[in-house]
Every structure is written in structure tokens, then in C-alpha cells.
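Residue-level structure breakdown
Here are the chains, one letter per residue:
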Amino acid sequence: MADGTRSVRGGSPASSPVLGGGGRATAVAAAGGSSPPGHGFRRVTLTKPTFCHYCTDFIWGLAGYQCEVCNFMSHEKCLKNIKIPCSCVAPSLVRVPVAHCFGSPGHYKRKFCTVCRKSLESPALRCEVCELHVHTDCILFACSDCRQCHQDGHQDHDTYHHHWREGNLSSSARCEVCKKTCGSSEVLSGMRCEWCGILAHAACYIIVAPECTFGRLRNMILPPSCVQLFSRNFSKLHCFRVTENLQTEPDEDDDVDGSTQGSTKDVQISTDSSKQNFSKQTLKIFDGNDAVKRNQFRLISVPRIAKNEEVVEAALRAYYINDDEQEYELQTFTQQALLSDDVINRNDAVEDSNLSSVFRESVPEAWVIRAKPKDEEVIRIYPAWLKVGMAYVSLRVNKDSTTQTVVKEVLPLLGKQTECLENFKLVEVLMGSKQVQRMVLDSQELILNRLKDIRKTSIRQMNQTRFYIVENNKSIVRVNLLVGGLPPQLSREDYTNILKAELAIKTNVVSVSHVYQAQGAVVLEISCFSEAERIYMLVKDTTINDKPLNVVVIPEVVASKIPQNCCPVLVFVNPKSGGLKGRDLLYSFRKLLNPHQVFELTNGGPLPGFHTFCKVPSFRVLVCGGDGTVGWVLGALEEIRHKLACSEPSVAILPLGTGNDLGRVLRWGAGYSGEDPYSILVSVDEADDVLMDRWTILLDADEPAEGAENGVAEPEPPKIVQMNNYCGLGIDAELSLDFHHAREEEPGKFNSRFHNKGVYVKVGLQKISHTRNLHKDIKLQVDQQEVELPSIEGLIFINIPSWGSGADLWGSDSDNRFEKPRIDDGLLEVVGVTGVVHMGQVQGGFRSGIRIAQGSYFRVTLLKPIPVQVDGEPWIQAPGRIIISAAGPKVHMLKKSKKQKKTGSMKEMRGDMSISEGGR
């Protein structure tokens, strides 16, 4: 990358250490220590309350110092201590380029943009993986410095350093080093490691030991060195399975009106600001041909009397470039030039060359920044095999320098032999915020011409471009896609034939590595990037038997690299459960853990998560959802457990539903109400392992299916469902069915537990005068013995001591006829209710149900259609038989421990990091 930072601004990491001027090449190692951070400060007059971005204190008086590029505000006394780099040099400080994963724009209160440091008052973007927040018009200037969550064949290593992110900390955050407050709600300040979560001042974090041990959650995090994912052109949304909502922000690759991309930069060149307000004009500035074609521009506001150099400097600052303005020029063009493939250069006219102002009586509509041609310049070459730190070689190139000559000159400086020249290649890397693009340069390509082409396309892109020297290793391409929605119970050959017919897969590069017959899903192993991308996009538009297919990119977990004491947690989140708080939990858990261990259940169900962890020798599961979601995950676990290396993982619950009876029994609470997700993970880590019975319910109907023509259809085949909590017949199931119908009619209204319970009360009141002699419509056998039923309207089989949002239906009274109920005793309790009033009394704690029986095998005969519900899922069951029996082995659940270890304030105690003895 070219060097040319202005000396009046004190240098920057982009130009330091100083490059050798006499020699042809100089080896340089940048440790990122005490180099000046590249700001360009000027004294400004303060017109509103302002806080210092370094010490976070109020700036008293009318004068402060502001960076002309990134808006960093400071006291005069703090200028010499500033360690935070300017946004213009941030790309040069990135160790390993990793693109961000931006979701849809949203409103984020008390957050600040990482690029321009201003408050996020309008809709803004945030990375789903790290703590980066950015304005929509600043996204082009954010560099690719996201967390490295997996190995992708580029700069892979097993040792991880802290991944520091500035600002957006709570005002109560405390520094790990000096124990003083380091957060602020007024400005972007303070540093946080996005792996272990430790906090520090900008002046203190540099003395923290560099290696990160992942903090308190180290045993729950899936280490990035254990995860492999060859993604290439798959977006980060695809890699981390983030639901693609409708994007309202302009994309880098979309042709949009530049007015939505521009932001005005008010440039004060004179100190007499009162006179400037009457003589300013706003200009459109493009940074190259690409911006012209897309009509993406930045706006700058400058005085009418500004000189060429001053306007060029303002234009460079608008694009976060801190280079010497003498190396650039502005070219003008008319509005018609926007539609042309090339920019019309109108600055070559003789009459314009000697004038000091860029303004005339008629101001051009727009300007484009151009770099002046050079006969030679200095570029940086980064060795791609470096595992720790950031080092580069600075090399002076001229018009005759080719890729081959550059590689030949660089290798000796890096301790490599030039005899093996053909084993190395030069790779150009564009570190965009949304995507990191790599391109291998041809051995005979002229380097100066390549630099010229990049700058002609975009000055901004030149600032985000690096050159890496890479060894020619034989890279193995292996992309895993899980395709679901296929017909179940087919053979591997049948699935292969279906995919050939529907997706035209190429069997020479695509193979079926895993088959999940019960779920109707297969895992495709693909050895060609382009074929993987084609299949991924095609599956989304494919239906089989009127059922749409779904596809998920699956990472590969290398079990041999997982530390022995590591038991990672597999997180499932149902964003539709209960209060619709799942979206925020998804974001929080992706930040706290490795996002490859967090799965959204609406995107392929539990199968992608269990397949990803199929080789992990020991793991735990956290299910975020209601009781129905827990049953869904436990059912999937039962079907796939024989294919898991850890066949009996323990399951914890974060209750998001309406009833949450299982969550209550296991002490996880009546429902999620905004607790710190970090403390939830700590509780999971400290929870006790308990066993729980699960039950199989066989539904065998005698009558034909509803809607049978002429009544000659065959009866429904027997259906099997799994039960965890309870099974109800009669009035209990009827209320659940009415609630289910109401939710289907207006799903948007059912977004809180309070409203949901209100609907339950409403449908219950409508049934209060209803009478059903259920005991006359059914017959019950318990352990092969006929049981006479009392006069009841509802019959309920309970496995846990919680029903209907926490009610104790069995009661606490001792009874010599029955054993004391437990969730692992292999027995079900059978209870009757006489109607809606009785159910209300039970839920109010005034009465209990009518104890009928206790056993391990039940046979219920239905004499007429009756409402039935299992764990909250209701339907009308035709006359026939219902058989309830134990379902295989007991499941391991995690019960929240009563005696929690003191974890202190969640945000402040995430890291137990060692501080290096001596400062730097």
C-alpha cells in the first residue's frame, strides 16, 4: 500500500516505522505499540456540552480539539496520551481480515458509530457477531476486523489474542487493570475483548497480557481453532445462519441513489466561522469510477473562497483518508458524465492551471478525487504464514516491477529461499466490511499499473487493500450443506436421484455424506465452491411434493482439537416463543459464545445443530423457548442420539413460552424477563444434572380421516407423539384448542405472556357453563387394571409437578395409596377436573385435582371424538385407543443450582485475565 501520510499530522501506524528512502527494500515489523494513532486534530469552538473521548470527562470552556477525520474530541491535556487510532488508519492495524455479519437496520439507543464516533440517532447497522455499530452511510468505511470464529484456510492459528472493540460500554463498566470506571453513555470510550469480555481504559488495555483465554465461559465456548468452514463467497449471514430479513440498508453491490449514501462534512478552514456561514457551498464528491457508476457520493461543505488544496483535503477527509493532499487532485464532470463508463477530465485546460480557487461563477455539479500518477512508490507485503502479530515488508516498486520480481525481492527479507520462487504467489486482498475478497495476481502483472487501476476504481478501496505473499499449498475444498424438507424414510440412492432430478447436482464434486431418514434430510459434501453456491441458491426456490426445501451451511468441528476440559454448550433459540425475545437472545449468545454453536430453530429445526456437534465428545444443550420447543428438541435428540458421539447430552432451559411448566420444575423460572445472558450461561455451567422420564403416546383411531369421500377411506394410521410434561383430554385440551385457533387468526397480537394468559381466561369464561360427561365417553386402564372414573370434564396425565403455568394439580397432601411423585420415578399421575371453575381454583392454589391413579402403562378408549393436548399442542382425536408407555431411556436435564457461586457484576467479571507485570 502506498505511503504518504502528512507529516503535519504526526504520522500514523500506516506510515510507521519510517520506510527506507535510500535502499530498494526495507524489512519492517509493526508491533502496533506506541505509534501515533493518525489523528489530525484542530482547535474548535464548542457550542454544546461536550465530553472527551479519552478520559470521558466534561470539556470545560469553549475550546476543545477535534480530529478532522473521525471526530475524536479531546482536552488539550489528553492529546499526548491518546492511543486509539483514527478510523483512517484502522485498516492498517487489522491482524487477520474477517468480514462482519450485518443484519437489518435498527434503532439502537445510547450507541455510537465506530467509524465517525457520532450517536446512532437514525436507523443503523450492527454486526451479529461482534459489538460493531455503524451508520448506514459509514459502513463502506468500516474495516473487516470482526472476530475470527473459524478457520477458513487463511492465516489459521491455535493461539488467540484479545479482540478489542472500543466503546458502547455501560456507564458502570470497570477497568480490569485500574478498577476504575471505564464506560460512558456520552461518548465512544473504553475497550472490551469480544471473546473473554474483560474491560479496560484505552490507556490500560495495552498492558493486558495479549493472549486471550476466553474468560469465565472458556469451558462453554467452542474454540475457533476447532471449527473449519470454507465459505469463500458465502455471505456471513449464510455462514452463521442469520435469518435474512428484508434489508432496507443500501448494499455495497446495489445501484442506489447517492443521496442516501452521502453525509455532509462541514470543514472549517478559517477561524472566522461567523463569516463562513454566509459563504459556504455543498459539493458532491466521488472517490472513483465505481462510485460514479453507482451514484454513491459524499457531501462536503466548504467556503466559496477555498483553494484547490483545501478542497482536496476536505474531500479526502470525507472518505477517511489521511494522505497528503498534494498527491491527489479533483476532476470535474457534468451530470451527463454520471451515466458514462469513464469520467471526463476537465482539469487539463490551460486556463485552469494557474488559478488558486476551484470555484467559478458556475460551480460544477460534482467532483471526483483522482490520485496523481507516480513513477515509483512503496507498498507493503504481508506474509500470510505468520501466526501471531502483524508484520510486513515495505518494498519500493517502479514501472518495471512485476509480481514475479516483487516475490523474488521479498522472499529473502522473510527468510525464504528464492530457488522455490514458483511455490509462492502474491494475493491482493480487499478488506471490505461485508466481504473479504482475494485475488491472485498474474506473475507478469505490473504492480504500478495494478495500483493505478485500484485507485481509479476507488480511492477508498485502495486504503482497504493489502498484498499478501502466500505459499502454494494444495488447498482441500470441502463445503457441507444440510438439505432438509425431503420426503422421509428414503434410501441414500433415492435421495441422490431426487437431488439429481431437482437440483442437477454433479456427482463428481457432490456426494451425500450423511442421511437422516426420519427427518427427510441429507448432508452434501461439495468439493467445488461454485457448485456449492449454485446448489445453495437453487434449493431456496425448490419444492418437492408441495413442500419447500431448506438449506443450511454446516461448519466442520474437529473434535481432536477440543481441549479435554471443554464441554461446549449447543444453544437452540426459538424466536417465535412467548414474548418474542428470542431475537435479542440470539444476538447476545452469538456475542458471548462462538456463533457456530448458536442455532435458530426456525431455520431448519434442531437437526443442523446436532449434526454440527455430532463428533463433539461431550457437550450440553440450552433450549430457549417454551415447553413445546423443549419437546421438539428432545424429540429430535431421541431420533438422532445414536449418531452422536455424546449420545446423552444434558439439556438446560431458558423459558420463553407462556406456561413454562418444565422450566419452573427445573428452577429456570416462570419466564425470561430480561436477565443478563452471561449470568444465564454461568447458571447453566453450574447446574445440577438430573434425570427425567419421557413418554410415548400411541394414537390409534377407528374412524376414517376427516374429509374422507363417501366414507370409504381407510382409518388414519397409528400416530406416535412424545410427551414430557402432561397429556390432557376433555376441557383442558378444549381450552388449549380455542387458544390455538385464536393465535392462528391473529398471530401478531400474541407477543407477550400477559396477553396470552388473558386470552386463556377469556376462552375459559366462555366454557364456564359447559358440561361434558367425559367419564361416560372414555374408558381407562392403568397397568392392565380397569379404573372407574368419577364424574369429570377433564382427564390429565402429569409427568412433572407443574401444570397450567405453575399449578400443583396433584397436590401436596400425603396419600397412602400413591407414591410421592418424582420426574424420574417411571410413573405418571392421573388427575381429573370437574370443569373450568375447578381448573381456576387449582391455578389459584385453593384446590387440587381429583387423584385417580398412578402407573407406568395406560390404555384409554375413546368412544367419541374428544379434544386432546400433549404439552400444549391440541387437536381433536377421533374415537379409538390411546396407549401411553415409557419412552426408552430417561433424558438428562440440567436443574438450576440453589447455591449459585458469586459471579459478581456480570459485565465486569467476565475475564480472569493476567496482567503483564511490566507496562509497555
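Structure first, text after, so check above.
Residues numbered from 1 in each chain as written. Predicted model: local features only at pLDDT ≥ 70, side-chain atom pairs only at ≥ 80, totals over all residues. Heavy atoms only, no water.

1. Thoughts on the packing of aromatic side chains
What characterises a pair of aromatic rings is the spacing of the ring centres plus the angle enclosed by the ring planes. Where we set the bar: Only Phe, Tyr and Trp rings are paired, with Trp represented by its six-membered ring, and only when their centres lie within 6.5 Å; those with planes under 30 degrees apart are stacked, over 60 edge-to-face, the remainder tilted. Going along the chain from the N terminus, every DSSP run of H or I of four or more residues is numbered as a helix, and every run of E of two or more is numbered as a strand. For a lysine, the NZ atom is tested; for an arginine, the CZ atom; a charge sits over a ring if that atom is within 6 Å of the ring centre and within 35 degrees of the ring normal.
Summed over the entire model, instances satisfying the criterion amount to 18 aromatic pairs. Judged by centre distance (6.3 Å) and plane angle (45°), the rings of tyrosine 160 and phenylalanine 214 are tilted. Here phenylalanine 214 lies in the loop between strand E9 (199–200) and strand E10 (227–228) and tyrosine 160 lies in the loop between strand E6 (133–135) and strand E7 (164–166), a separation of 54 residues in the sequence. Clustering of aromatic rings is evident, with ring pairs tying together Phe51, Phe58 and Trp60. Just above the ring of tryptophan 195 sits the side chain of arginine 147; from NZ or CZ to the centre is 4.3 Å. We note lysine 719 situated over the ring of tryptophan 875; from NZ or CZ to the ring centre the distance is 4.8 Å.

2. Re helix H8 (residues 492–503)
Defined as follows: A helix is expected to span 1.5 Å multiplied by its residue count minus one. The contact definition used throughout considers only heavy atoms, calling two residues in contact when any of these lie within 4.5 Å.
The first and last C-alpha atoms of H8 sit 16 Å apart over 12 residues, in line with the 16 Å expected at 1.5 Å per residue. Elements in contact with the buried residues of H8: strand E22 (510–516), strand E23 (521–526), helix H9 (529–539) and strand E24 (543–544). Two residues or fewer past H8, alanine 504 is found with a positive phi of approximately 50°.

3. Quick word on unusual backbone geometry
For clarity, the threshold we go by: Exposure is judged per residue with a 1.4 Å probe applied to protein chains only, and the accessible area is read against the type maximum: over 50% gives exposed, under 20% gives buried, and values in between give partly exposed.
Positive phi outside glycine occurs at tyrosine 320, with the angle close to 55°. You can see tyrosine 320 is positioned in the loop between helix H4 (308–318) and strand E14 (328–333). Of the residues examined, tyrosine 320 reaches a relative accessible area of 3% and is grouped as buried. One non-glycine residue with positive phi stands out, namely aspartate 546, at about 65°.

4. Thoughts on the pairing of strand E33 (residues 695–701)
As a reminder, the rule being used: Two strands qualify as a pair provided that DSSP identifies no fewer than 2 bridges between them.
Among the seven residues of E33, five are classified as buried, and the element is accordingly described as predominantly covered. Here E33 runs beside strand E44 (residues 880–886); their pairing, made up of seven bridges, is antiparallel. Along E44, the bridge assignment pairs leucine 699 with isoleucine 882. Sheet topology note: the E33/strand E34 (residues 719–723) ladder contains five bridges and is antiparallel. Paired with isoleucine 697 across the strands is valine 721, a residue of E34.

5. A word on the sheet that holds E22
Put simply, the rule is: Axis angles are defined between N-to-C directions and span 0 to 180 degrees, where every axis is a line fitted to C-alpha atoms and, for a helix, only to the segment in contact.
Within the open sheet, the four strands sit side by side as E22-E23-E21-E26. Their pairing is antiparallel. Of all strands in the sheet, those bounded by a partner on one side alone are E22 and strand E26 (550–554). On average, each strand axis in the sheet is inclined to that of its neighbour by 25°, with strand direction left out of account. When E22 meets E23, the two strands line up antiparallel, connected through six bridges.

6. Observations regarding the sheet that holds strand E4 (residues 73–74)
Spatially, the three strands line up as an open sheet ordered E2-E3-E4, and their pairing is antiparallel. Either end of the sheet is taken by a strand with one partner, and the two such strands are strand E2 (41–45) and E4. As paired elements, E2 and strand E3 (residues 63–67) share five bridges and run antiparallel to each other. Bridge pairing in E3 places threonine 45 opposite alanine 63.

7. Quick notes on the packing of helix H10 (residues 582–592) against helix H14 (residues 677–686)
For clarity, the cut-off: Roughly parallel covers angles under 35 degrees, roughly antiparallel covers those over 145, roughly perpendicular covers 65 to 115, and oblique covers all other angles. Should the near helix be turned counterclockwise from the far one by less than a right angle, the crossing is left-handed, whereas a clockwise turn marks it as right-handed. In this classification, Asp, Glu, Lys and Arg are treated as charged, Ala, Val, Leu, Ile, Met, Phe, Trp, Tyr, Cys and Pro as nonpolar, and every other residue, Gly included, as polar.
Put simply, H10 and H14 touch, their axes get as near as 10 Å, and they point 65° apart. Classified by the angle between their axes, H10 and H14 sit roughly perpendicular to one another. The handedness of the crossing between H10 and H14 comes out as right-handed. Along the contact surface, H10 presents Leu585, Ser588, Phe589 and Leu592, while H14 presents Pro677, Tyr678 and Leu681. Residue composition of the contact of H10 with H14, by class: six nonpolar, one polar and no charged.

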